[in-house]
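Structural description and commentary
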Amino acid sequence: MAVISMKQFLEAGVHFGHQTKRWHPNMAPYIYGIKNGVHVIDLRQTLTKLKEAYEYVKASAEEGRVPLFVGTKIQIQRIVKEEADRCGCPYINFRWLGGLLTNFGTVKQSIARMKTFEEVAGEDGSYEGVIKKEALMMERKRVKLERSLGGVRNMKSVPSMLFITDCHKEQLALKEAQKLGIPVVGIADTNCDPTGIDFVIPGNDDSPRAVALYANVIATAVMEGLAARKQTRIESITEEKAAAKKAKPAAKAKEKETDVVSEAKAEEEKKPEAKAKEKKAEVVTEAKSAVEKTPAKKTAATAKKAETASGKKVPAAKATKAKKSETKK
């Protein structure tokens, strides 16, 4: 939170309340005294309550919840728009439409109509291809919708909280928020009833300088909360990457272990198959050797038989011839 002093509050006129005859009794704890028939607000309580609201808005922005800025007074419209645009929040600064929260579905349809009119109008608003009378009617409707819903055109759902600059005038918005259980951060002047406001900021709600001070603090809280959320996201991403890098070697080691185990299992499964293959190969080789040996033996035996047969027959013939020759003689 930016350093805000009592001097800034006094210069902005935060301490000025309404006339004593227009006060609300529930605001008595926040009133410091009376001067010239006007209530004076206790700025010490204003400072503490503003700090509480700042902390709550910042914490909610860190969770991704941003407020809806509401301020429809003529002298405050520009301030509300500028501060809401600065922190990227939706806003209502022209008129609070009844059912904006409780009947948000219909409001979304109106926003869609406004966007279709803008598409037909084009970037330059010339309404090319449209009759002049129809173009004038569409332009009037577009301007009317733009004034009422231009600040919430990108709001896709009911807001998570409201920041109301004048809870006395914006009673309809306060009632809708209470009905839906939406927390409210509101500025409460001495003529306002603070019941139903979750984070009451007692102070002047008519001075533009005072409202600019409140809105600046809330917008700064939103911006700081969103920045912290972005930073935590970046840190979480870096931590995840670092964890993933650390997990990679472990995963590789596990993969290697699993590969070794699977290879060992595969080898164990292959061992009986290899043994069976070896046995088959041994049987086949034995059979081949047996087949190769058997014909060799047969040929040798046949050769021997032939030799013996031939050797026996020749000498017998010679002997018979010799005997015959001898007898003849």
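Just above sits the structure.
From a predicted model like this one, the values you see are computed outputs, not experimental measurements. (Residues numbered from 1 in each chain as written. Predicted model: local features only at pLDDT ≥ 70, side-chain atom pairs only at ≥ 80, totals over all residues. Heavy atoms only, no water.)

1. What to know about the overall build of the protein
Helix and strand counts for the protein stand at seven helices and eight strands. Classification of the 329 residues of the protein by burial places 33% in the buried group. Nonlocal contacts in the protein, meaning residues at least 24 apart in sequence, comprise 64% of its contacts between residues at least 6 apart. Carbon and sulfur atoms make up 56% of the accessible area of the protein, which amounts to about 21000 Å² in all. (Helix = DSSP H or I, 4+ residues; strand = E, 2+ residues; numbered from the N terminus. Buried < 20%, exposed > 50% of the residue type's maximum accessible area, 1.4 Å probe, protein only. Contact = heavy atoms within 4.5 Å. Areas by Shrake-Rupley, 256 points an atom, 1.4 Å probe, with all protein chains shown as cover.)

2. Some details on unusual backbone geometry
Phi at Asn36 is positive, roughly 55°, even though this residue is not glycine. Here Asn36 lies in the loop between β2 (31-35) and β3 (38-41). With a relative accessible area of 75%, Asn36 lands in the exposed category. Of note, the phi angle at Tyr127 is positive, near 55°, even though the residue is not glycine. Along the chain, Tyr127 falls in the loop between α4 (104-121) and α5 (132-149).

3. Observations regarding the nonpolar core
Counting residues in each nonpolar core, the largest one holds 34 residues, and the members touching the most others are Leu68, Trp96, Leu149, Leu162 and Ile164. Ranked by residues supplied to this core, first place goes to α4 with six residues. The contacts of Ile164, once residues within four sequence positions are left out, are Val70, Glu170, Ala173, Leu174, Val184, Val185, Gly186 and Ile187. In this structure, Met161, Ala210, Ala219 and Val222 belong to the second largest nonpolar core, which totals 32 residues. (Core = buried A, V, L, I, M, F, W, Y, C linked by side-chain atoms within 4.5 Å.)

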